[in-house]
Amino acid sequence: MHKGVVLVAIACLCLVFLAAPASALPLADVEIGARYWSVSPSGDLSYEGDSLDLEDNLDFEREGAPHAYARAHLPMLVLEAHYTRLDFSGKGQNITTSTPFGDIDLNDYTDISTDATMDMLHGGVMLNFSVPWVDLGLGAGVNYIDAEAEIKADDRKETGTAEAPLPVVKARAEITPPLVGLHLAVAGEGISYSGNSFYDVRGTVGYTFQDLMVVDLRLEGGYRHIAVDYDEEDLVLDSSFSGPFVGLSLAF
């Protein structure tokens, strides 16, 4: 998918920029990380037709999703970018009544395969406020979402696509208790407009191995929840994606 390649390229450029050596960003602390998110889908999807349940009708199950991020901590400011790709596939099932998806009535077919992808790229900036043991951030950014749903029924195929840049409000709270190496954080972005909404919330617990070969290595785990209510361009998605994640990061 051409747009998917473009999104990945943009994400890489953002991450490389933020992950530049600290010498290139005076007074900046830079952090880059990668996570494996075990994500379970729920909710509905439709394209010019009736709603299809992601689990019961499209046979989507828990899948692994990559999530990469980078942050640059400047005096009073935090720059942040992160990228996630969701990818699900399954077999059409439990369809017993007339169920249009585009020009296809899925009830007329028995051999149905389903695929859906969603690329999510975020970039934003936050004002940072610090008190003992706690850093608080509040700011704004943009989430770019590129979604595609495809259903093949015998020799026929229908594809629904949608893309949207969403301005979002973002917030972050980091807690570093007086226990060496322990790190707690809650972060997220969200927006609600014209009946559509998008929320992405992440809770993280990490342990940092400090001064390891001039960098700090952090092992982390947590839970992430994304809720999407989107009705544009004939593609309707009223779904949530949630599950635990594990990862590691390097701080320079």
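All figures in this text were calculated on a predicted structure; none of them were measured in a lab.

Q: Just give me the short version of the confidence of the model for the chain, but keep the residues and values in it.
A: Confidence in the prediction for the chain averages 88 pLDDT; 88% of positions are at 70 or higher. The model gives residues 4-9 a pLDDT under 50, and that stretch makes 7 contacts with residues more than four places away or in other chains.

Q: So, the packing of aromatic side chains: which residues are in play, and what are the values?
A: Inspection of every chain in the model, using the stated rule, returns 4 aromatic pairs. Measuring from centroid to centroid gives 5.5 Å for Y47 and F101, while their planes differ by 55°, and the two rings are tilted. With a gap of 54 residues between them, Y47 in strand β1 (residues 29-47) and F101 in strand β5 (residues 100-101) connect regions that are remote in the sequence. Like Y47, the residue F101 is buried in the burial classification.

Q: Tell me about unusual backbone geometry, and please be specific about residues and values.
A: In this model, D59 sits at a positive phi of 65°, which is unusual for a non-glycine residue. Residue position: D59 is located in the loop between β2 (52-53) and β3 (63-74). Residues other than glycine seldom take positive phi values, yet N94 does so here, at roughly 55°. Judged by relative accessible area, N94 falls into the exposed class, the value being 58%.

Q: Describe the nonpolar core, with residues and values.
A: Core analysis: the biggest nonpolar cluster contains 38 residues, and L86, M118 and F241 have the highest contact counts within it. Secondary-structure elements contributing two or more residues to this core are β1, β4 (77-91), β7 (112-131), β8 (134-153), β9 (156-175), β12 (215-232) and β13 (235-251). Non-local contacts of F241, meaning those with residues more than four positions away in its chain, are made with W37, V39, S40, P41, L54, L86, F88, M118, R224, H225, I226 and V228.

Q: Please provide a residue-by-residue account of the environment of A72, values included.
A: Within the secondary structure layout, A72 lies in strand β3. Given the relative accessible area of 0%, A72 is considered buried. For the pair formed by A72 and D29, sequence separation is 43 residues and the distance between their alpha carbons is 5.7 Å.

Q: Please set out the side chain of T204 residue by residue, giving values where relevant.
A: The topology assignment puts T204 in strand β11 (residues 196-212). A relative accessible area of 9% places T204 in the buried class. A distance of 3.5 Å separates the side chain of T204 from the side chain of R35, its partner in a polar contact. Setting aside residues up to four positions removed in sequence, T204 forms contacts with R35, H183, L184, A185, E220, G221, G222 and F245.

Q: If you had to explain the environment of L127 to someone new, which residues and values would you point to?
A: Its place among the elements puts L127 in strand β7. With a relative accessible area of 44%, L127 lands in the partly exposed category. C-alpha separation for the pair L127 and M76, spaced 51 residues apart in sequence, amounts to 5.6 Å. Excluding residues within four positions of it along the chain, L127 makes contact with M76, L77, L136, G137 and L138.

Q: Could you give an account of a nonpolar patch on the surface, with specific residues and numbers?
A: Together, M76, L77, V125, L127, F129, L136, L138 and V169 make up a nonpolar patch on the protein surface, roughly 700 Å² of accessible area in all. Listing elements by their share of the nonpolar patch, those giving two or more residues are β7 and β8. In terms of residues, the nonpolar patch owes the most to one element, β7, which gives 3 residues. Along the chain, the position of L136 falls in strand β8.

The rules behind these values
- Residues numbered from 1 in each chain as written.
- Predicted model: local features only at pLDDT ≥ 70, side-chain atom pairs only at ≥ 80, totals over all residues.
- Heavy atoms only, no water.
- pLDDT = per-residue confidence, 0-100.
- Contact = heavy atoms within 4.5 Å.
- Phe/Tyr/Trp six-rings, centres within 6.5 Å; stacked < 30°, edge-to-face > 60°.
- Helix = DSSP H or I, 4+ residues; strand = E, 2+ residues; numbered from the N terminus.
- Buried < 20%, exposed > 50% of the residue type's maximum accessible area, 1.4 Å probe, protein only.
- Core = buried A, V, L, I, M, F, W, Y, C linked by side-chain atoms within 4.5 Å.
- Polar contact = N/O pair within 3.5 Å; in protein donor to acceptor, adjacent residues only side chain to side chain.
- Patch = residues over 30% accessible without salt bridge, like charges linked within 9 Å, V, L, I, M, F, W, Y side chains within 5 Å.
- Areas by Shrake-Rupley, 256 points an atom, 1.4 Å probe, with all protein chains shown as cover.
- Salt bridge = Lys/Arg side-chain N within 4 Å of Asp/Glu carboxyl O.

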